[in-house]
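Here's the letter readout for the chains.
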Amino acid sequence: MGVQVLSYDLLKNLNSKEKVEKILDIVKKKDIVMIEGRLLPEEETILISSALESISGKFTGIEVAFLDSNSSSGIFEKLATSILKMLAKNRFGITVVGPSKIVKEIKMDPKKLEILFN
Amino acid sequence: MVKLFSSFFGHFFSMFKKKKKISLGLYGPPNAGKSTLANKIIEDILGENVTEKFATSPIEHETRQIQQVSKLNLKYKKKELEFNLIDTPGIATKIDFEDFVKKGLSKDDAKQRAKEATQGVIESIKWLEGVDAVIVVLDSTENPYNQVNITLIGNLVAKKKKLIIAANKADLKNANIEKVKLVFPEYPIVFLSAKTGYGIDSLYETIFEEFY
């Protein structure tokens, strides 16, 4: 098992289908993928559907989680973060995707992710 | 004569009642209580002896196909909402037949259940396009901050669908009501128990506030 870290730049020119295919190719090889930024909501559902369509004896789906790096609390901080997010699109945060045969659970907290292995 | 008179006026004024029609989906992770909530709503509207009830089970993925009941009428303060209630298979990111074997199913039954459950989740996601409004059913005793809930709500917002969060099992001791409020501060939340009926009137009120 390995961990592959994908930069935002590597994925930004791919369409949703290509992005999901790239992620699933890695995950099916039993590696964990860490992506700079967040997938679009519709890409997240494509990822879930595609992962389920790929279920076989050896592959039972995925664990996926997103860490928002800017969960700010103050009004001005929130406003500034919203503007930055709008400008940077989905570059904020980290998305983690792993094969569920290996990754038992990714515990999500707004400020941390905890990966538990099988 | 008085009865006839009141019946005439009752019918006359009912013509001015507002009526709206929607398709209402129940979405959420497996075993959150979607089918139990669907049954409670159906029972409240059609009566206790209705046959159109959905199967429930402590084993995950009991609902593996979209199931619906059409033309349910909910009335509240001179308003009437007609809706098709759509109960969906629980959304999951993984399905392993071995989990069903651990719950006591035979290997063959577990494999069949896993296969049907997989198709069910894919169907659920496809049906998101067709519903007008969604009740996201969560289990209040589980961590609400999980990717299924986040993805589901993110999609509903992106598709501009109206939503209510039904935090089910809120009557249980280990229900974490504060955490649900903390995770989803910007959405209407109703704390209820589909099993006992606790909070169900509040859900109906919120349905009219949000979906009518």
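Caption draft 1: Seen up close, the overall build of chain A. Each helix and strand counted, chain A has four helices and six strands in total. Here chain A holds 118 residues, and the buried ones make up 41% of them. In chain A, the proportion of contacts linking residues at least 24 apart, taken out of those at least 6 apart, comes to 70%. In the structure as shown, chain A presents an accessible area of about 6600 Å², 56% of it carried by carbon and sulfur atoms.

Caption draft 2: Quick look at the pairing of strand 3 (residues 79-87) of chain B. Taking burial as the measure, the nine residues of strand 3 of chain B include seven buried ones, the bulk of the element. Counted along the chain from strand 2 (residues 67-76) of chain B to the antiparallel partner strand 3 of chain B, the turn is two residues long, and its residue lysine 77 of chain B has a positive phi close to 45 degrees.

Caption draft 3: Broad picture of the confidence of the model for chain B. Chain-level statistics for chain B give a pLDDT mean of 91 and a share of 92% at 70 or above. Taken together, the chains of this predicted complex give a pTM of 0.89 and an interface ipTM of 0.86.

Caption draft 4: Region of the structure containing unusual backbone geometry. Residue and element names in this part refer to chain B. With a phi angle near 60 degrees, asparagine 31 is a residue other than glycine that sits in the positive phi range. As for its position among the elements, asparagine 31 is in the loop between strand 1 (18-27) and helix 2 (34-46). Look at asparagine 31 and you get partly exposed, because its relative accessible area is 30%. Unlike most non-glycine residues, histidine 61 shows phi in positive territory, near 65 degrees. Examined against the element boundaries, histidine 61 turns out to sit in the loop between helix 2 and strand 2. With relative accessibility at 6%, the residue histidine 61 sits in the buried group.

Caption draft 5: Fine view of the interface of chain A and chain B. Counting residues at the interface gives 23 residues for chain A and 19 residues for chain B. When the two sides are added together, the surface that chain A and chain B hide from each other amounts to roughly 1900 Å², 61% of it contributed by carbon and sulfur. When the buried surface of chain A facing chain B is broken down by residue, Ile48, Leu52 and Met108 of chain A rank first, second and third, together holding 31% of it. Scanning the region where chain A abuts chain B turns up two salt bridges. With its nearest N and O atoms 2.8 Å apart, the salt bridge here joins glutamate 63 of chain A to lysine 94 of chain B. Those elements that place two or more of their residues in the side of chain A that touches chain B are helix 3 (41-53), strand 3 (62-67) and strand 5 (103-109) of chain A. Here the side of chain A that touches chain B gets eight residues from one element, more than from any other, and that element is helix 3 of chain A.

Caption draft 6: Seen up close, the packing of aromatic side chains. Throughout the structure, instances matching the rule amount to two aromatic pairs over all chains. When the ring of phenylalanine 208 of chain B is compared with that of tyrosine 212 of chain B, the centres are 5.6 Å apart and the planes differ by 40 degrees; the resulting orientation is tilted. The class for phenylalanine 208 of chain B is buried, based on a relative accessible area of 3%. Here the aromatic residues Tyr76, Phe208 and Tyr212 of chain B are joined through ring pairs into a cluster of three or more. Stacked on the ring of phenylalanine 66 of chain A, the Lys or Arg arginine 38 of chain A has its end atom at 4.4 Å from the ring centre. One residue, arginine 113 of chain B, lies across the ring of phenylalanine 100 of chain B, its end atom 5.5 Å from the ring centre.

Caption draft 7: Quick peek at the sheet that holds strand 2 (residues 32-36) of chain A. Residues and elements named next belong to chain A. Strands sit in the order 1-2-4-3 across an open sheet of four strands; the sheet is mixed. The sheet terminates laterally at strand 1 (3-6) and strand 3, the two strands that pair on one side only. Between one strand axis and the next, the sheet turns through 15 degrees on average, direction left out of account. Of the strand pairs in this sheet, strand 1 and strand 2 are connected by four bridges, and their pairing is parallel. When the sheet's bridge partners are listed, valine 3 is paired in strand 2 with isoleucine 32.

Caption draft 8: Local environment of the side chain of threonine 93 of chain B. Assignment of secondary structure puts threonine 93 of chain B in the loop between strand 3 and helix 3 (97-102). On the accessibility criterion, threonine 93 of chain B (9% relative accessible area) is buried. In this structure the side chain of threonine 93 of chain B is engaged in a polar contact, spanning 2.7 Å, whose partner is the backbone oxygen of isoleucine 62 of chain A. Beyond its immediate sequence surroundings of up to four residues, threonine 93 of chain B is in contact with Ile48, Leu52, Gly61, Ile62, Glu63 and Val64 of chain A together with Val148 of chain B.

Caption draft 9: Quick look at the environment of asparagine 174 of chain B. All names here are of chain B. When you line up the elements, asparagine 174 lands in the loop between strand 5 (162-168) and helix 6 (177-183). Given the relative accessible area of 54%, asparagine 174 is considered exposed. Here asparagine 174 is in contact with Ser140 and Thr141, once residues within four sequence places are set aside.

Caption draft 10: Fine view of the pattern of salt bridges. All names here are of chain B. Here the structure, examined in full by the defined rule, presents 15 salt bridges over all chains. Of the charged contacts, one joins aspartate 44 and lysine 40 as a salt bridge, the two residues approaching to 3.2 Å between their closest N and O atoms. Residue aspartate 44 and its partner lysine 40 are both found in helix 2; the two are separated by four residues, about one turn of the helix. Residues aspartate 139 and lysine 169 are paired through a salt bridge, measuring 3.1 Å at the closest nitrogen-oxygen approach. Separated by 30 residues along the polypeptide, aspartate 139 in strand 4 (residues 133-139) and lysine 169 in the loop between strand 5 and helix 6 bring together distant segments of the chain.

Calculation rules
- Positions within a chain are numbered from 1, following the residues in the order the chain's sequence is written.
- The naming scheme follows written order: chains are lettered A onward, ligands numbered 1 onward.
- Residues qualify for local features only when their pLDDT is at least 70, as the model is predicted, and side-chain atom pairs are given and counted only at 80 or more; totals for whole chains, interfaces and linings, by contrast, use all residues.
- Values reported for side chains reflect all heavy atoms of the structure, with hydrogen atoms and water molecules removed beforehand.
- Helix numbers and strand numbers start at the N terminus; a helix is a DSSP run of H or I with at least 4 residues, a strand a run of E with at least 2.
- Note on classification: 1.4 Å probe, protein chains only; a residue is buried when its accessible area is under 20% of the maximum for its type, exposed when over 50%, partly exposed between these limits.
- Whether two residues touch is decided by their heavy atoms; if any such pair falls within 4.5 Å, the residues are in contact.
- Here the open area of atoms and residues is found with the Shrake-Rupley method and a 1.4 Å probe, where only the protein chains shown may cover a residue.
- Note: two strands are recorded as paired if DSSP finds a minimum of 2 bridges between them.
- On a scale of 0 to 100, pLDDT captures the predictor's confidence in every residue.
- Two parts lose some accessible area (1.4 Å probe) when they are put together, and adding that loss for both gives the buried area.
- In the sections that follow, a salt bridge refers to a side-chain nitrogen of Lys or Arg positioned within 4 Å of a carboxyl oxygen of Asp or Glu.
- Classification of ring pairs uses Phe, Tyr and Trp, with its six-membered ring standing for Trp, and accepts pairs whose centres are within 6.5 Å; under 30 degrees between planes counts as stacked, over 60 as edge-to-face, and the remaining range as tilted.
- Criterion for a charge above a ring: Arg CZ or Lys NZ at most 6 Å from the ring centre, at most 35 degrees from the ring normal.
- Helix axes are fitted to C-alpha atoms over the stretch in contact, other axes to C-alpha atoms as well, and angles between N-to-C directions run from 0 to 180 degrees.
- Polar contacts here mean pairs of N or O atoms no more than 3.5 Å apart (in protein, one a potential hydrogen donor and the other a potential acceptor; neighbouring residues in sequence count only if both atoms are side-chain atoms).

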